[in-house]
Amino acid sequence: MAGTLYLVATPIGNLGDISLRAEETLREVDFIAAEDTRVTVKLLNHLDIKKPMVSYYRHNADTRGDELVARLLAGESCALVTDAGTPAISDPGEELVAQCAAQDIPVVPIPGACAFVNALAVSGLPTTRFTFEGFLPMNKKNRRAHLESLLGEERTMVFHEAPHKLLSTLTDFQEAFGPDRRISLCRELTKLHEEVVRTTLGQAVERYRANPPKGEFVLVIEGAPPAREEEATLEDGLAMVARLQAQGASTRDAVKQAAAACKLSRKALYDLAVSQKKEDE
């Protein structure tokens with residue numbers, strides 16, 4: 001019987017945020033696959049856990065993924081962890097989960113910290129509908145295309161960014177979305193210097209141009225205003241009446257349906273339809 005892959009969420013800063021279930025899982029698995037073993041060993045030392053570890057990160061995912069799957073198929077259990085937060089979210093763990101799914105290897109999530117969810121929650125921006133965009137592409141052409149695809153995005157948008165690229169990213173956002181678009185910049189969440197700045201893109205560019213940023217950021221950006229629907233005209237309503245009549249509807253029924261669909265005055269549309277009918281005769 002195949003072993004189980006556990007996706008164990010780890011603290012994004014404060015080690016006190018580790019859950020009891022996460023700690024229990026780390027103690028019980030056969031081995032741990034970590035983004036950076038040097039980072040994970042600090043957590044394990046804090047929990048007084050000694051466990052075999054292997055590295056699993058972006059640049060070795062192709063070969064190491066096959067090795068992990070082989071060990072899982074042989075019956076071993078594995079805890080997959082990132083340096084901070086939930087594995088497989090903007091993370092090569094996504095590929096390992098897909099490999100396990102293809103082999104019918106059980107994958108069990110062990111919930112916990114997730115930076116972008118916490119940033120969204122404290123942003124002060126709408127949270128009902130949102131889109132997680134992760135890191136923008138580094139290639140300028142791909143970056144521009146990505147931002148252009150988001151110009152009409154009405155949902156709140158969430159991004160990750162490193163401090164040394166923050167100012168250029170904010171400048172790109174300002175050019176794409178305008179200086180007045182609201183943004184919440186969440187820095188070092190759950191850590192000693194945690195900070196949440198709620199401002200506009202234009203003001204954010206000025207702020208970090210004058211004060212070089214430090215720490216990892218989650219950027220939560222207000223979505224575009226809803227696209228304004230063009231109001232239907234009586235001519236639009238008349239065209240719908242004609243289509244409905246062609247399908248067998250009476251003038252009165254066609255006008256009733258068209259007026260409701262186009263949000264027009266039923267009387268005005270009926271008078272126009274009758275007038276048009278007389279002209280045609």
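Shown above is the structure to which this text applies.
From a predicted model like this one, the values you see are computed outputs, not experimental measurements.

K.L.:
Any chance you could explain the overall build of the protein here in plain terms?
P.N.:
Broken down by element type, the protein carries 11 helices and 10 strands. For 281 residues, the compact-globule formula gives about 19 Å, and the C-alpha radius of gyration of the protein, at 28 Å, lies well above that figure. Counting only C-alpha atoms and orienting by the principal axes, one finds that the protein spans roughly 90 × 55 × 35 Å. When each of the 281 residues of the protein is scored for burial, the buried share is 41%. When contacts within the protein are restricted to residue pairs at least 6 apart in sequence, long-range pairs at least 24 apart make up 69% of them. Carbon together with sulfur atoms contributes 50% to the accessible area of the protein, which is approximately 16000 Å² in total. Computed over 33 positive and 41 negative side-chain charges, the inter-centroid distance for the protein is 3 Å.

K.L.:
Honestly, the pattern of salt bridges in this entry has me stumped. Any pointers?
P.N.:
Between side chains of opposite charge, a pair can form when the charged atoms approach closely. One pass over the structure, following the stated rule, counts 12 salt bridges. Ionic pairing is found between E23 and R27, a salt bridge with its closest N-O pair at 2.9 Å. One end of the pair, E23, and the other, R27, are both in helix α1 (residues 20-28), 4 residues apart, so they sit about a helical turn from each other. Judged by relative accessible area, R27 falls into the partly exposed class, the value being 39%. Here K267 and D271 are joined by a salt bridge, their closest N and O atoms 3.0 Å apart. One end of the pair is K267 and the other is D271, both in helix α11 (residues 266-280) and 4 residues apart, which spans about a single turn. Beyond isolated ion pairs, a larger network of salt bridges with shared partners links R187, E195 and R207.

K.L.:
Help me understand the sheet that holds strand β8 (residues 182-187) in this model?
P.N.:
Within a sheet, each strand pairs with its neighbour through backbone hydrogen bonds, oriented either parallel or antiparallel. Here we have 5 strands laid out as an open sheet, ordered β6-β7-β10-β8-β9, and mixed in their pairing. Single-partner strands in this sheet number two, and they are β6 (130-134) and β9 (195-200). Taken pair by pair, the neighbouring strands of this sheet meet at an average axis angle of 20°, ignoring direction. Pairing geometry for β8 and strand β10 (residues 217-221), over 5 bridges, is antiparallel. By the bridge assignment, L185 is partnered in β10 with L219.

K.L.:
What is the right way to read the packing of aromatic side chains from this model?
P.N.:
The relative placement of two aromatic rings is captured by the distance of their centres and the angle of their planes. If you walk through the whole model with that rule in mind, you get 5 aromatic pairs. Centroid distance F159 to F173: 4.7 Å. Interplanar angle 50°. Geometry classified as tilted. Here F159 is found in strand β7 (residues 156-161), whereas its partner F173 is found in helix α7 (residues 163-177), with 14 residues between them in sequence. Take F159 and F173: they sit in the same class, and that class is buried. Ring centres of Y208 and F217 lie 5.7 Å apart, and the angle between their planes is 85°; on these two criteria the pair is classed as edge-to-face.

K.L.:
Please clarify how the environment of E76 should be interpreted in this entry.
P.N.:
With respect to the helices and strands, the residue E76 is situated in the loop between α3 (61-73) and β4 (78-81). Overall, E76 belongs to the partly exposed group, its relative accessible area being 24%. Through-space distance from the C-alpha of E76 to that of A2 is 7.2 Å; in sequence the pair is 74 residues apart. Every residue in contact with E76, bar those within four places of it in the chain, is listed here: G3, T4, D30, F31 and R71.

K.L.:
How should the layout of surface pockets be read in this particular structure?
P.N.:
A water-sized probe, rolled over the atoms, reveals where empty space remains. By volume, the largest pocket amounts to about 1100 Å³. If you tally residues by element for the lining of the largest pocket, the top one is helix α2 (residues 37-47), at 4 residues. Here the residues of the lining of the largest pocket are counted per class, giving 19 nonpolar, 8 polar and 10 charged. If you trace the second largest pocket, you find it lined by K140, R143, R144, L147, E148, L151, D172, E175 and A176. Elements supplying a minimum of two residues to the lining of the second largest pocket: α6 (140-149) and α7. Among the elements that line the lining of the second largest pocket, the one with the most residues is α6, at 5 residues. Looking at the lining of the second largest pocket residue by residue, the class counts come to 3 nonpolar, no polar and 6 charged.

Cut-off values and rules
- Residues numbered from 1 in each chain as written.
- Predicted model: local features only at pLDDT ≥ 70, side-chain atom pairs only at ≥ 80, totals over all residues.
- Heavy atoms only, no water.
- Helix = DSSP H or I, 4+ residues; strand = E, 2+ residues; numbered from the N terminus.
- Rg over C-alpha atoms; globule rule 2.2 N^0.38 Å.
- Buried < 20%, exposed > 50% of the residue type's maximum accessible area, 1.4 Å probe, protein only.
- Contact = heavy atoms within 4.5 Å.
- Areas by Shrake-Rupley, 256 points an atom, 1.4 Å probe, with all protein chains shown as cover.
- Lys, Arg positive; Asp, Glu negative; His and termini not counted.
- Charge placed at Lys NZ, Arg CZ, Asp CG, Glu CD.
- Salt bridge = Lys/Arg side-chain N within 4 Å of Asp/Glu carboxyl O.
- Pairing = 2+ DSSP bridges.
- Axes fitted to C-alpha atoms, helices over the stretch in contact; angles between N-to-C directions.
- Phe/Tyr/Trp six-rings, centres within 6.5 Å; stacked < 30°, edge-to-face > 60°.
- 1 Å grid on protein atoms, 1.4 Å probe; cavity = no way out; pocket = protein on both sides within 12 Å on 5 of 7 lines; lining within 4 Å.
- Points joined across faces, edges and corners; volume = space filled by probe spheres on them.
- Nonpolar A, V, L, I, M, F, W, Y, C, P; charged D, E, K, R; others polar.

As far as function goes, none of this settles anything; it's purely spatial.
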